[in-house]
Amino acid sequence: MTVCSIAGRWIASLPYLSALPGLGWVGPVSGDYELVEMGTATAIFLFLPYCHLRGGHVTVDLIVMHAPRIVQRATAVIAEVLFTVVSAIMTWRLYHGLLDKQRYMETSMLLGIPLWWGYAAGIAGFALLTLVCLYRSFASLRATPDSDTQVGDA
């Protein structure tokens, strides 16, 4: 989208190319920032559950890496449960944001896209993330103390 918009803006600025009869429509893409913004947010929201299912999130375990396995396991269980709570709260708050955007009929500035569409994608992603977090929480509780990896580690 960005490349098309920049190329269109560049072609439209060239006097000899923009004067050609077939290229009069070429120019910047109207609302390209809005489309990229909404697409990027949707992609991030929908990749969060997959990333967490695969164990792809960054963890800092400098303190825990030399601790006994039971401490490592307890830390993993606590982290999974906390992430479950946070993702459930985020789902709940995104739902209230969606209702707010619908109530006031807020739209994007140039294209008039209803802003609640982005919230709907966020709710779908965070609801799925909450389910993945629940799965990983129960899986980490069932893991044996002597296992080397957590369930779903990449």
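Everything quoted here is computed from the prediction, not taken from an experiment.

About the thresholds
Residues numbered from 1 in each chain as written. Predicted model: local features only at pLDDT ≥ 70, side-chain atom pairs only at ≥ 80, totals over all residues. Heavy atoms only, no water. Helix = DSSP H or I, 4+ residues; strand = E, 2+ residues; numbered from the N terminus. Rg over C-alpha atoms; globule rule 2.2 N^0.38 Å. Buried < 20%, exposed > 50% of the residue type's maximum accessible area, 1.4 Å probe, protein only. Contact = heavy atoms within 4.5 Å. Phe/Tyr/Trp six-rings, centres within 6.5 Å; stacked < 30°, edge-to-face > 60°. Lys NZ or Arg CZ within 6 Å of the ring centre and 35° of its normal. Expected span 1.5 Å × (residues − 1). Core = buried A, V, L, I, M, F, W, Y, C linked by side-chain atoms within 4.5 Å.

Asker: What exactly am I supposed to notice about the overall build of the chain here?
Answerer: If you tally the helices and strands in the chain, you get 5 helices and 0 strands. When its helices and strands are written in sequence order, the chain yields α-α-α-α-α. For 154 residues, the compact-globule formula gives about 15 Å, and the C-alpha radius of gyration of the chain, at 23 Å, lies well above that figure. Taking the principal axes of the C-alpha coordinates as reference, the chain spans close to 75 × 40 × 20 Å. Counting all 154 residues of the chain, 25% fall into the buried class. Taking the intrachain contacts of the chain between residues at least 6 apart in sequence as the baseline, contacts between residues at least 24 apart amount to 69%.

Asker: How should I be thinking about the side chain of Glu80 in this particular structure?
Answerer: Positionally, Glu80 belongs in helix H4 (residues 69–103). In this structure Glu80 comes out as buried when scored by relative accessible area, which is 9%. When neighbours within four sequence positions are excluded, Glu80 is seen to be in contact with His52, Cys133, Arg136, Ser137 and Ser140.

Asker: Which parts of the structure should I look at to understand the packing of aromatic side chains?
Answerer: For any pair of aromatic rings, the description rests on two quantities: the centre-to-centre distance and the angle between the ring planes. All told, the structure shown has 2 aromatic pairs when counted by the stated rule. Between Phe45 and Phe126, the ring centres sit 5.6 Å apart and the planes meet at 65°, which makes this aromatic pair edge-to-face. Within this pair, whereas Phe45 is found in helix H3 (residues 32–53), its partner Phe126 is found in helix H5 (residues 116–142), the two being separated by 81 residues in sequence. The residue whose ring lies beneath Arg93 is Trp92, and the NZ or CZ to ring-centre distance is 4.8 Å.

Asker: Looking at this model, I keep getting lost on H4. Mind explaining?
Answerer: Think of an α-helix as turning once every 3.6 residues; residues three or four places apart then point the same way. Its 35 residues give H4 an end-to-end C-alpha distance of 51 Å, which sits within 8% of 51 Å, the value for a rise of 1.5 Å per residue. Within H4, the full set of buried residues consists of Ala76, Val77, Glu80, Thr84, Ser87, Thr91, Leu94, Gly97, Leu98 and Lys101. Contacts made by the buried residues of H4 are with H3 and H5. Two residues or fewer after H4 comes Met105, characterised by a positive phi angle close to 50°.

Asker: Looking at this structure, I do not really get the environment of Thr84. What am I missing?
Answerer: Mapping Thr84 onto the fold places it in helix H4. Separated by 49 residues in the primary sequence, Thr84 and Cys133 place their C-alpha atoms 4.9 Å from one another. With residues up to four places along the chain from it excluded, the contact list for Thr84 reads Thr130, Cys133, Leu134 and Ser137.

Asker: Would you mind showing me how to read the environment of Val36 here?
Answerer: Inspection of the secondary structure assignment puts Val36 in helix H3. C-alpha of Val36 to C-alpha of Ser108: the two residues are 72 residues apart in sequence and 12 Å apart in space. Leave out the neighbours within four places in its chain, and Val36 touches Met1 and Thr2.

Asker: Would you explain the nonpolar core in this entry?
Answerer: If you look at soluble globular proteins, the nonpolar side chains tend to sit buried side by side. Counting residues in hydrophobic clusters, the biggest one holds 7 residues: Phe45, Leu94, Leu98, Ile123, Phe126, Leu129 and Cys133. At the level of secondary structure, the elements contributing two or more residues to this core comprise H4 and H5. If one sorts the elements of this core by residue count, H5 sits on top with 4 residues. Those residues in contact with Leu129, other than ones at most four positions away along the chain, are Leu48, Pro49, His52, Phe83 and Ser87.

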